Amino acid sequence: MLNGTLENGLVIDNGVVKDGKNCQGEILVPEGVTEIANQAFYQNKKLTGLVLPDGVKRIGNYTVNGCLNLEYIRVPDSVEELGEDALVKKIESNFGFTHVVESKQYFPQIRCKEGSYVDRAIQEMKARDGWKDSHSNEHIVEVVYSDS
């Protein structure tokens, strides 16, 4: 099991990336990692790319929220669970008199296998975009299909 703080700044405990807030540039998460913890990279404005290894099963809540310079995430076919807004890097909301009228969620480019759990989750999310009950929700995301 991977443990400790790696040279690239990742903090790993029992195969779980607990913290990546001090990482810079493109980060290649090492083999043996099975989970990315909630808010692991939260508000890291120096992160530009994130490559997750095969074997990662879960990506936690708000993992890359606030990572405004994150251009892409490579998500392996092994991922079976996404936490709340796990891959969202930025949320914008416009408010009406009493409630949110419009919400936009921005994602880094998602690189995944066509038909994978992550691909299906994004397609289902996009299918729900639009106006409903005086609210608009839009997900701005580009999916690039890869073999892994």
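Before reading further, recall that the structure is shown in the block above.
Residues numbered from 1 in each chain as written. Predicted model: local features only at pLDDT ≥ 70, side-chain atom pairs only at ≥ 80, totals over all residues. Heavy atoms only, no water.

Engineer: Let's hear about the pairing of strand β12 (residues 109-112): which residues, and what values?
Structural biologist: In terms of strand pairing, strand β8 (residues 72-74) meets β12 through three bridges, oriented parallel. Bridge assignment links I73 to a residue of β12, and that residue is I110. (Pairing = 2+ DSSP bridges. Helix = DSSP H or I, 4+ residues; strand = E, 2+ residues; numbered from the N terminus.)

Engineer: Please set out helix α1 (residues 117-127) residue by residue, giving values where relevant.
Structural biologist: Residues of α1 that are buried: V118, D119, I122 and M125. Looking straight down α1, one finds its buried side chains confined to an arc of 130°; they lie on one side. (Buried < 20%, exposed > 50% of the residue type's maximum accessible area, 1.4 Å probe, protein only. Arc of directions from axis to C-beta.)

Engineer: Please give an account of the sheet that holds strand β6 (residues 47-51) that cites residues and values.
Structural biologist: The five strands lie next to each other as β4-β6-β8-β12-β15, forming an open sheet whose pairing is parallel. Across the chains shown, the open sheet's two edge strands, defined by having one partner strand only, are β4 (25-28) and β15 (143-145). Within this sheet the neighbouring strands show an average axis-to-axis angle of 20°, counted without direction. Running at roughly 145° to β15, α1 makes contact with β12 and β15 of the sheet. (Axes fitted to C-alpha atoms, helices over the stretch in contact; angles between N-to-C directions. Contact = heavy atoms within 4.5 Å.)

Engineer: Could you give me a rundown of unusual backbone geometry, with the residues and numbers involved?
Structural biologist: Despite not being glycine, N14 has its phi angle at roughly 50°, a positive value. Summarising the element assignment, N14 is placed in the loop between β2 (11-13) and β3 (16-19). Residue classification places N14 among the partly exposed positions, given a relative accessible area of 47%. The backbone phi angle of Q43 is positive, close to 65°, even though this residue is not glycine. Taking relative accessible area as the criterion, Q43 reaches 38% and is therefore assigned partly exposed.

Any functional reading would require information that these geometric values do not contain.
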